[in-house]
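# Coordinate inspection notes
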Amino acid sequence: MREVVIDYEGEPIKAREGECVASALVAHGVKVFRETAKRGEGRGYFCGIGRCTDCVMIVDGVPNVRTCITAVRDGMRIKRQKGLGSWER
């Protein structure tokens, strides 16, 4: 797999094309992927098969993307999601 660069919160991160976004972030030391709507509690990688919503993040401006089943692409922009997320313009 070739090495690509993704943007996490404005920081470039090296990843392997085709690996899941969650794996690339965990390898970089990211533990909190989103914050809950009610209490603002951190959530991160949990099930790894796309069944829960703990790993949802904003990817390329789209909220609620399950990062455990989304493959890395060169130039992706990834942001931690707060609450239910919102669409970026």
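Above this text sits the structure in question.
Presented here is a report on the structure given in the accompanying data block. (Residues numbered from 1 in each chain as written. Predicted model: local features only at pLDDT ≥ 70, side-chain atom pairs only at ≥ 80, totals over all residues. Heavy atoms only, no water.)

Here the focus is the overall build of the chain. Helix and strand counts for the chain stand at one helix and eight strands. Reading the secondary structure of the chain in the N-to-C direction produces β-β-α-β-β-β-β-β-β. For 89 residues, the compact-globule formula gives about 12 Å, and the C-alpha radius of gyration of the chain, at 12 Å, lands near that figure. Projected onto its principal axes, the C-alpha coordinates of the chain cover approximately 40 × 30 × 20 Å. Taking the contacts inside the chain whose residues are at least 6 apart along the sequence as the reference set, 40% of them involve residues at least 24 apart. As presented, the chain carries roughly 5500 Å² of accessible surface, and 49% of it is formed by carbon and sulfur atoms. Computing the positive centroid from 16 side-chain charges and the negative centroid from 12, the chain places the two 6 Å apart. (Helix = DSSP H or I, 4+ residues; strand = E, 2+ residues; numbered from the N terminus. Rg over C-alpha atoms; globule rule 2.2 N^0.38 Å. Contact = heavy atoms within 4.5 Å. Areas by Shrake-Rupley, 256 points an atom, 1.4 Å probe, with all protein chains shown as cover. Lys, Arg positive; Asp, Glu negative; His and termini not counted. Charge placed at Lys NZ, Arg CZ, Asp CG, Glu CD.)

Turning next to the pattern of salt bridges. Under the criterion given, the structure shown has five salt bridges. A salt bridge links R2 to E17; the nearest nitrogen and oxygen atoms lie 3.1 Å apart. Here R2, found in the segment before β1 (3-8), pairs with E17, found in the loop between β2 (11-16) and α1 (21-27); they are 15 residues apart in sequence, far enough to count as distant. Assessed through its relative accessible area of 48%, R2 is described here as partly exposed. Overall, E17 belongs to the partly exposed group, its relative accessible area being 31%. For the salt bridge of E35 with K82, the shortest nitrogen-to-oxygen distance reads 3.7 Å. You can see E35 sitting in strand β3 (residues 34-35) and its partner K82 sitting in strand β8 (residues 81-82), a full 47 residues away along the chain. (Salt bridge = Lys/Arg side-chain N within 4 Å of Asp/Glu carboxyl O. Buried < 20%, exposed > 50% of the residue type's maximum accessible area, 1.4 Å probe, protein only.)

Attention now goes to the side chain of T36. You can see T36 is positioned in the loop between β3 and β4 (42-43). With a relative accessible area of 15%, T36 lands in the buried category.

The next thing to look at is the environment of G75. Counting through the fold element by element, G75 comes out in the loop between β6 (62-66) and β7 (77-79). For G75, a relative accessible area of 48% corresponds to the partly exposed category. Distance in space between the C-alpha atoms of G75 and V4 is 7.6 Å, their sequence separation being 71 residues. Setting aside residues up to four positions removed in sequence, G75 forms contacts with V5 and D60.

Moving on to the environment of G61. Checked against the element boundaries, G61 lands in the loop between β5 (56-59) and β6. With a relative accessible area of 6%, G61 lands in the buried category. It is 4.7 Å that separates the C-alpha atoms of G61 and E88, two residues lying 27 residues apart in sequence. Filtering out sequence-adjacent residues up to four positions away, G61 remains in contact with R77, S86, W87 and E88.

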